[in-house]
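# Examining the three-dimensional arrangement
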Amino acid sequence: MSNYIDEKAFDFLEKYLNNAAPTGYEVAGQKMWMEYLKPYVDDFLTDTYGTAVGIINPGKDYRVVIEAHSDEISWYVNYISKDGLIYVIRNGGSDHQIAPSKWVHIHTANGVVPGVFGWPAIHTRKGENKEEPPKLSNIFIDVGAKDSHQVDDLGIHVGCVITYPDSFRIINENKIVCRAIDNRIGGFMIAQVARLLYEENIKLPYSLYITNSVQEEVGLRGAEMITQTIKPHAAIITDVCHDTSTPMINEKVEGDIKIGDGPVISYAPSIQHKLRDVILNAAINHDVPIQRLASHRYTGTDTDAFAYSNGGVASALISLPLRYMHTTVEMAHLEDIKHLIQLYLLSLQNIKSGETFSYFD
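Scope of this entry: the structure provided in the associated data block. (Residues numbered from 1 in each chain as written. Predicted model: local features only at pLDDT ≥ 70, side-chain atom pairs only at ≥ 80, totals over all residues. Heavy atoms only, no water.)

## A word on the sheet that holds strand β17 (residues 330-333)
- Spatially, the 3 strands line up as an open sheet ordered β10-β11-β17, and their pairing is antiparallel. Single-partner strands in this sheet number two, and they are β10 (169-171) and β17. Each adjacent strand pair in this sheet contributes to an overall mean axis angle of 30°, direction not counted.
- Bridging between strand β11 (residues 175-178) and β17 involves 4 bridges; their strand directions are antiparallel. Counted as the bridge partner of Lys175 is His333 from β17.
- Sheet contacts for helix α9 (residues 334-349): β11 and β17; angle to β17, the most-contacted strand, approximately 60°. (Pairing = 2+ DSSP bridges. Helix = DSSP H or I, 4+ residues; strand = E, 2+ residues; numbered from the N terminus. Axes fitted to C-alpha atoms, helices over the stretch in contact; angles between N-to-C directions. Contact = heavy atoms within 4.5 Å.)

## Looking at helix α1 (residues 7-18)
- Taking 1.5 Å as the rise per residue, α1 with 12 residues should run 16 Å; its terminal C-alpha atoms sit 17 Å apart, in good agreement.
- Within α1, the full set of buried residues consists of Ala9, Phe12, Leu13, Tyr16 and Leu17. One face of α1 carries all of its buried residues, which in axial projection span an arc of 120°. Turned more than 90 degrees off the buried face of α1, the exposed positions are Glu7 and Lys15.
- At its buried positions, α1 is contacted by α2 (27-37), β11, α4 (181-199) and β12 (207-213). (Expected span 1.5 Å × (residues − 1). Buried < 20%, exposed > 50% of the residue type's maximum accessible area, 1.4 Å probe, protein only. Arc of directions from axis to C-beta.)

## Brief notes about the pattern of salt bridges
- Under the criterion given, the structure shown has 11 salt bridges.
- Taking the shortest distance from any N to any O, the salt bridge between Glu72 and Arg184 comes out at 3.1 Å. Remark: Arg184 occurs in helix α4 and Glu72 occurs in the loop between β3 (63-69) and β4 (74-80); sequence separation between them is 112 residues. In this structure, Glu72 and Arg184 share a single accessibility class: buried.
- Residue Glu132 is joined to Lys135 by a salt bridge in which the shortest nitrogen-to-oxygen separation is 3.4 Å. (Salt bridge = Lys/Arg side-chain N within 4 Å of Asp/Glu carboxyl O.)

## Description of unusual backbone geometry
- A cis amide bond, omega -5°, links Asp182 with the succeeding residue Asn183.
- In this structure, Asn183 sits in helix α4.
- In the Ramachandran plot, Glu173 falls in the positive-phi region, its phi being about 75° despite a non-glycine side chain.
- Looking at the element boundaries, Glu173 is found in the loop between β10 and β11.
- You will see that Tyr324, though not glycine, has its phi angle at about 65°, which is positive.
- Among the secondary structure elements, Tyr324 is positioned in the loop between β16 (314-322) and β17.

Purely geometric numbers; function is a separate question.
Now the structure itself:
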């Protein structure tokens, strides 16, 4: 399976994950993604808020989407104290409990300003405040400024976006660790699908829209917009899901999912059964390992935005198991990534142009 991630692709993966692309500010990452994808697609489509789409076989009457989201969670500067300390609000689902002692990058018009989430030393946490936990109301960023005027001189103002700089690493040979694997790994995987379709000269009978959406972390907004533009007949989404084998996760509630055991096929009201069966049959017929996950009301991914758009779009979800989601040490297994790319390729070749996926056929 070495061809599923070649050397050039691996270099791209590292650069793509290391690049900051917070919700609402995805453009640098999108340009990087489009540059990598350019040799493998026939055309591009972009929209007002930054979603990027590579198109293979444009102009066909039947349109299929494969989709991921490009944005990462982050923070906004919300308040600057007279002492020059910075208080924040979330941009997406950022976790306040992991913030203390983390380095940050504050993005300003003058460039990146480094800072740290400060926290009182253990020696000083006595009495009533002995073990006060980190909360959104008490975490703060220190940029080394003596007062608010020095903060202003650095170009920092309310509304500046803040990201973590934690970068890509490999541990134990086949696990990748980084912030923002959720879900730039999805953008990476659908880009590999485009590459392999091109290199293996696989011809599809429909137009394929390789879609890297923005603003998923604040409510599936990029997918909500781009599906109205593309008006697809079918959409296969990829995102991440929780590895539930680590401590403090209830498998009876969250399901039994492990990294290394294969991509995850979802069951939920927004999942169209017949399209899911195309994916399942591809996995079974070609011995691709899979896991299964049930969601009782919604998937919480861009699948829901596609499924309920345009009068109903046949939609399915293939997820990548991930440890420590929404932290700076998200962990995924390289074999799962390769198997998910493989499953995409097999599934796309089993979709027929004009297929309605109707329950009544």
